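# Fold and geometry: a report
The chain contents come next:
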Amino acid sequence: IGLLVSQVFKAMGGGRVTCVDVSEFKLDKAKELGADCVIDSRKSEVESNSADIVFETAGLPATTAQMFSIARKGGTAIQVGWPAGNLVTMNIAEFIDKELTYKSVNRYANAFPAAIQYLTDGRINVDGMISRSFPFEQTGEAFKYAHDNKENVVKVVILN
């Protein structure tokens, strides 16, 4: 999801994109797909007050709480991932003090026309996200491949 969000952000005229992850493979893929900067959060701290707009796409309570720290005063925090357990512990004083705007995205129903247009005109590169394709008759093998190669797979496609 993060790889798509970063591409859409740029396609819609957004500025510099920094992607944060714990997977070197996914960070390399982010760079390949247009991210300006990548940060392995196992090796480097993500700087506080460093972004005008922060998208949380991992769906982790820790990264959801962290996005408020990363956002600059007056910035926007956008929740795309759905945190496990549905509850997040956060520093509400930091959120209020920075006067952040908090938005969420769910189901994407109103985004289909733009998504189709961006795919058609090449603003979004999904080919770079397909790790492997399988014919429909090998659906079981496709799921096994995705399961057994989690660290090196972005998306597996089953062709009909």
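Heads up: the structure comes first, above all this text.
Structural notes, computed from the coordinates. Here the structure is a predicted model, which means the values were calculated and not measured.

### Some points on the environment of I158
With respect to the element layout, I158 can be found in strand β7 (residues 155–159). The partly exposed category is assigned to I158, whose relative accessible area is 33%. On a C-alpha basis, the gap between I158 and T76 in space is 37 Å, while along the polypeptide they are 82 residues apart. For I158, the residues in contact, after removing those within four places along its chain, are F134, P135, F136, T139, A142 and F143.

### Structural notes on the packing of aromatic side chains
Under the defined criterion, the tally for this structure stands at 5 aromatic pairs. Centroid distance F9 to F55: 5.7 Å. Interplanar angle 70°. Geometry classified as edge-to-face. Linking F9 in helix α1 (residues 2–11) with F55 in strand β3 (residues 51–56), this pair joins segments that are 46 residues apart in sequence. Its relative accessible area of 33% is what places F55 among the partly exposed residues. Consider the rings of F68 and F95, whose centres lie 5.2 Å apart with planes at 80°: the pair is edge-to-face. One end of the pair, F68, is in helix α3 (residues 61–70); the other, F95, is in helix α4 (residues 92–97), with 27 residues separating them in the sequence. Both residues of the pair, F68 and F95, belong to the buried class. Ring pairs connect the aromatic residues F68, F95 and Y102, which therefore count as one cluster. Over the aromatic face of Y145 sits the side chain of R132, whose NZ or CZ is 4.8 Å from the ring centroid.

### Concerning the pattern of salt bridges
Throughout the structure, instances matching the rule amount to 8 salt bridges. Residue D36 is joined to K10 by a salt bridge in which the shortest nitrogen-to-oxygen separation is 2.9 Å. Here D36, found in the loop between α2 (24–32) and β2 (37–40), pairs with K10, found in helix α1; they are 26 residues apart in sequence, far enough to count as distant. By relative accessible area, which is 31% here, K10 ends up partly exposed. Residues D52 and R72 are paired through a salt bridge, measuring 3.2 Å at the closest nitrogen-oxygen approach. Residue D52 is found in strand β3, and its partner R72 is found in strand β4 (residues 71–79); the two are separated by 20 residues along the sequence. Via salt bridges that share partners, D40, R42 and K43 belong to a single interconnected network.

### Brief notes about the layout of surface pockets
Picture a little ball the size of a water molecule; that probe, rolled over the atoms, points out where space is still empty. Roughly 1,300 Å³ of volume is contained in the largest pocket. The wall of the largest pocket is formed by 41 residues, among which T18, C19, V20, F55 and T57 lie closest to the centre. Listed by contribution, the elements that provide at least two residues to the lining of the largest pocket are α1, β1 (18–21), α2, β2, β3 and α3. Among the elements that line the lining of the largest pocket, the one with the most residues is β3, at 6 residues. The residue inventory of the lining of the largest pocket, partitioned by class, reads 24 nonpolar, 9 polar and 8 charged. One number sums up the size of the second largest pocket: a volume of about 910 Å³. Taken together, 25 residues line the second largest pocket, and the ones lying closest to its centre are V5, V8, Y108, A111 and A115. Looking at the lining of the second largest pocket, the element that brings in the most residues is helix α5 (residues 112–120), giving 6 residues. Here the residues of the lining of the second largest pocket sort into 21 nonpolar, 3 polar and 1 charged.

Scoring rules and cut-offs
- Residues numbered from 1 in each chain as written.
- Predicted model: local features only at pLDDT ≥ 70, side-chain atom pairs only at ≥ 80, totals over all residues.
- Heavy atoms only, no water.
- Helix = DSSP H or I, 4+ residues; strand = E, 2+ residues; numbered from the N terminus.
- Buried < 20%, exposed > 50% of the residue type's maximum accessible area, 1.4 Å probe, protein only.
- Contact = heavy atoms within 4.5 Å.
- Phe/Tyr/Trp six-rings, centres within 6.5 Å; stacked < 30°, edge-to-face > 60°.
- Lys NZ or Arg CZ within 6 Å of the ring centre and 35° of its normal.
- Salt bridge = Lys/Arg side-chain N within 4 Å of Asp/Glu carboxyl O.
- 1 Å grid on protein atoms, 1.4 Å probe; cavity = no way out; pocket = protein on both sides within 12 Å on 5 of 7 lines; lining within 4 Å.
- Points joined across faces, edges and corners; volume = space filled by probe spheres on them.
- Nonpolar A, V, L, I, M, F, W, Y, C, P; charged D, E, K, R; others polar.

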